[in-house]
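Descriptive structure summary
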Amino acid sequence: MSQRQDQTSGEPASYLEMTKEQRENAKAHAALLSGTAARVAVELPLTADVDDFRRVLAARAAR
Amino acid sequence: MTDLDRLSARALAKRIQDKKISSEEATKSALGRLTACHDVTNCVIALEAEEALAGAKAADAAIASGKAGPLTGVPLAHKDMFNRTGKIPSWGAKIRAETPAREDATPIARLKTAGALQIAALHLTEFAYGPTGHNYVLGHARNPWDPTRITGGSSSGTAAAVAYGAIPAGLGSDTAASLRAPAACCGVTSIKPTWGRVSRAGAMPLSPQLDAVGVVARHVEDLALMLGLIAGADPRDPSAANTPVPDYLAKLEAPVKGLKVGLDERLASEAHPDVQRMVDVALGVLTKAGLERGACTFSDWQTIDHLTQLVQLPDAAAVHGNYIRTRAKDYGPQVRSRVEFGHFIPAVDHLVATRARGTYLERVLDQTFKDIDVAILPVLADPLPTIAELDVGGGPKLQAALGRLVKFLRPINYLGLPVLTLPVPRNGGLPNGIQLIGKPFAEGLLMAIGQAYQREVPPEVARPIA
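An account of the accompanying structure is given in this report. (Residues numbered from 1 in each chain as written. Chains lettered and ligands numbered in written order. Predicted model: local features only at pLDDT ≥ 70, side-chain atom pairs only at ≥ 80, totals over all residues. Heavy atoms only, no water.)

Before going further, it helps to spend a moment on the side chain of Lys-407 of chain B. With respect to the element layout, Lys-407 of chain B can be found in the loop between α16 (398–405) and α17 (410–415). There is a polar contact of 2.6 Å between the side chain of Lys-407 of chain B and the side chain of Glu-270 of chain B. (Helix = DSSP H or I, 4+ residues; strand = E, 2+ residues; numbered from the N terminus. Polar contact = N/O pair within 3.5 Å; in protein donor to acceptor, adjacent residues only side chain to side chain.)

Now the structure itself:
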């Protein structure tokens, strides 16, 4: 194991060569987006499905 | 023949079919213009003169024997991200496929069947991952109206070459901005079709859940012609929609009087005041063409923007899963940084965003489009930026700078809706554009409106403004 991997093991994506500053930027941005995901998740019905998108596109196609 | 730079592909095809000009003459001229355009804009990755002229001679022979398709002998060129038999697309990157493609990408194959020639492979942002036209591997693309300014990206080369009049039209793709930003920056039109309208088979993926292959052209009629040729179901791409492909050319002349175009004034007010004035001017043109002005609200815009990123960032990171682990140093700083960011998005957040997509699309159709036929928004939030202003590398300014540029663009990819980009009247200034957003598969309606718009605001050919 390289010194870099030692230093970042336990970090997200420890296999990527990133500076500490880049990691902090990435974490901060992911946290911002996570806040939105959390808010959306609590409003989303249990039955919401990844295929809903294609179904709605086809069902609402302009005639 | 002095007006070849101004002709539409459709008009040029007719001239070639009527033998008023040969494909060989048209192709030689296009090669010359493309070379001149490259000197200004850095738009060409590979000029394919020999193959193009051989194709042109074959096209002339086909016409002489009475065999002609809708684009026979017409010289086109496309963003270098599509597989072509026996060739390795550059992807705008240092990293490339190890073996040549075994077959053409479906959109390329369909244009070939229609008789079109491809005379060059054109510039793109590295891996099509960036809205500005910056490319740290190939060199940045430069705007044909002002080479110190961005072309927009990622379909940078196609937009520059079309704007310059080197080619009448070409293919691009759009994951978050990539047909609309370059069309607006270069003062031309584009159609980003509904997600699934055009097969992606053989096109380099960026974020497959958002990617849409589309067309850049000076004339809306060429968008209609080319979209009609490339759209439709494809056994090679299960995500390509089975929805019937209308006769878009016939729909161009459909009446637009009384259609309602809605502006979300609160959202649009976040654009620079000059850009807001441009939207007003464009709305004036549309109302002159017979449309009625309405209002609409994209109430969840910022939420949808975040959801788009939650889809795009890990989707693109997964596409680049091999290369980012094994050849990270071969990426330019912006793309590397964005691919790396994708590894920090939790899988649960990504899945929430993909599961929520149908819900948000339905909500937008029910609420935003309740009383309107199409929505209008700016393309760029600001007047055309310089290359230097957005040369932010991969550092902490990256997300904010790019986020501002795609502010009015990225959420539409999450919704999968079709968008027509139109240039605003320049009045001697730099180009910019508006986007008309339609309901699913409403490309025909959008292009009918675009055709009416171009009767008032005819296409232009770009040359550097002194």
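Further notes follow.
Bringing the pattern of salt bridges into the picture now. In the structure shown here, the tally under the stated rule is 31 salt bridges over all chains. For the salt bridge of Glu-270 of chain B with Arg-266 of chain B, the shortest nitrogen-to-oxygen distance reads 3.0 Å. Using a relative accessible area of 47% as the deciding quantity, one classes Arg-266 of chain B as partly exposed. Where Arg-404 of chain B meets Asp-382 of chain B, a salt bridge forms, and the shortest distance between an N and an O atom there is 2.9 Å. With a gap of 22 residues between them, Arg-404 of chain B in helix α16 and Asp-382 of chain B in the loop between β9 (374–378) and α16 connect regions that are remote in the sequence. Taking relative accessible area as the criterion, Arg-404 of chain B reaches 30% and is therefore assigned partly exposed. Residues participating in the shared-partner salt-bridge network are Glu-11, Glu-24 and Lys-27 of chain A. (Salt bridge = Lys/Arg side-chain N within 4 Å of Asp/Glu carboxyl O. Buried < 20%, exposed > 50% of the residue type's maximum accessible area, 1.4 Å probe, protein only.)

Glancing now at the pairing of strand β11 (residues 433–437) of chain B. Residues and elements named next belong to chain B. Across the five residues that make up β11, a large majority, five, are buried. The pairing of β9 with β11 spans four bridges and is classified as antiparallel. Across the sheet, the residue bridging to Ala-375 is Ile-437, located in β11. Pairing between strand β10 (residues 419–423) and β11: five bridges, direction antiparallel. Looking at the pairing, Leu-422 lines up with Ile-434 of β11. (Pairing = 2+ DSSP bridges.)

By definition, the strands of a sheet pair up through backbone hydrogen bonds, in either a parallel or an antiparallel sense. All names here are of chain B. Taken in spatial order, the three strands line up as β1-β3-β2 in an open sheet, and their pairing is mixed. Two strands close off the open sheet at either side, each with one partner strand: β1 (44–47) and β2 (75–79). Taken pair by pair, the neighbouring strands of this sheet meet at an average axis angle of 35 degrees, ignoring direction. Pairing of β2 with strand β3 (residues 117–122) involves four bridges; the strand directions are parallel. Paired with Leu-76 across the bridge in β3 is Gln-118. Strand contacts of helix α2 (residues 23–41): β1, β2 and β3, with the helix running at about 10 degrees to β3, the strand carrying the most contacts. Sitting on the sheet, helix α3 (residues 49–64) touches β1 and β3, and the angle it makes with β3 is about 160 degrees. (Axes fitted to C-alpha atoms, helices over the stretch in contact; angles between N-to-C directions. Contact = heavy atoms within 4.5 Å.)

Everything listed is a geometric property; what it means functionally is a separate question.
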